Amino acid sequence: MPRAGLTTERVVAAAADLADEVGFENVTVSALARRFGVKDASLYSHVRNLNDLRTRMAFLAGGEMIDRIAAAVAGRVGKDALAAFAGAYRDYALQHPGRYAATQIRVDQALVTASPALRRTTEITYGMLRAYGLTEPDLTDAVRLLRSTFHGYCALEATGGFGAPRDVRRSWDSAVDALHVALTHWPHEEKTDDD
């Protein structure tokens, strides 16, 4: 029987808060149960196991992140939209390191397809990139470029990986400018007879 006052949403939100405090990899059902002052078994009425908890954290964080990105890019196109998207991405990753780490886990594709937040992420990201005149398969390649650039930069920044004296924000802005140039002059894949 579920413990009074505990809901799945409350449990997942507390797990996300805990991840921001101690790191995503350090979130366990036992640590979360201690936070609520209950036994582990009390949480299993709300999440099936640790994997289920982590998947739910990924969806929560992904929804929060895309809400920020959507608000930032609203009414913008081209370089302005890209800079707003990048800025909202970086801010979320640095302000919520545990939640951000949750967004990077591999989630069952069937669950991704069923998630409104993750479908919205695809719509907003692809919408921004279509303003650059990109279509498939270039859209997928461009998404991978942005994700790897943003994630790599944020991961390095969060761990103090940039040792040069240049301000990291200026380097970030230069990277976004370079991405804009790359997207504007994208090397479109040639169609073949097999396509």
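Remember, predicted model here, so these are calculated numbers, not experimental data.

(A) Spatial organisation of the overall build of the protein. Secondary structure assignment for the protein yields ten helices and zero strands. Listing each helix as α and each strand as β along the protein from the N terminus yields α-α-α-α-α-α-α-α-α-α. The principal-axis extents of the C-alpha atoms in the protein amount to approximately 60 × 50 × 30 Å. Relative to its full complement of 195 residues, the protein shows a buried share of 38%. Nonlocal contacts in the protein, meaning residues at least 24 apart in sequence, comprise 68% of its contacts between residues at least 6 apart. Accessible surface computed for the protein: about 11,000 Å², of which carbon and sulfur atoms make up 53%. Here the protein holds 23 positive side-chain charges and 25 negative ones, and the gap between their average locations is 9 Å.

(B) Region of the structure containing the pattern of salt bridges. Going through the model one piece at a time under the given rule, you end up with eleven salt bridges. A salt bridge links Arg 99 to Glu 64, with the shortest nitrogen-to-oxygen separation between them at 2.9 Å. Pair noted here: Arg 99 is in helix 6 (residues 97-102) and Glu 64 is in helix 4 (residues 50-73), with a separation of 35 residues, a long-range link. Here Glu 64 falls in the partly exposed class, since its relative accessible area comes to 26%. Ionic pairing is found between Arg 169 and Asp 173, a salt bridge with its closest N-O pair at 3.3 Å.

(C) Molecular detail of the nonpolar core. With 33 residues, the main nonpolar core has Ile 69, Leu 82, Leu 129, Phe 150 and Leu 183 as its most contacted residues. Among the elements of the structure, helix 4, helix 5 (78-95), helix 8 (116-130), helix 9 (138-158) and helix 10 (168-184) are those that each provide at least two residues to this core. If you tally residues by element for this core, the top one is helix 5, at nine residues. Discounting residues that sit within four places of it in the chain, Phe 150 has contacts with Leu 82, Phe 85, Ala 86, Tyr 89, Trp 172 and Leu 179.

About the thresholds
Residues numbered from 1 in each chain as written. Predicted model: local features only at pLDDT ≥ 70, side-chain atom pairs only at ≥ 80, totals over all residues. Heavy atoms only, no water. Helix = DSSP H or I, 4+ residues; strand = E, 2+ residues; numbered from the N terminus. Buried < 20%, exposed > 50% of the residue type's maximum accessible area, 1.4 Å probe, protein only. Contact = heavy atoms within 4.5 Å. Areas by Shrake-Rupley, 256 points an atom, 1.4 Å probe, with all protein chains shown as cover. Lys, Arg positive; Asp, Glu negative; His and termini not counted. Charge placed at Lys NZ, Arg CZ, Asp CG, Glu CD. Salt bridge = Lys/Arg side-chain N within 4 Å of Asp/Glu carboxyl O. Core = buried A, V, L, I, M, F, W, Y, C linked by side-chain atoms within 4.5 Å.

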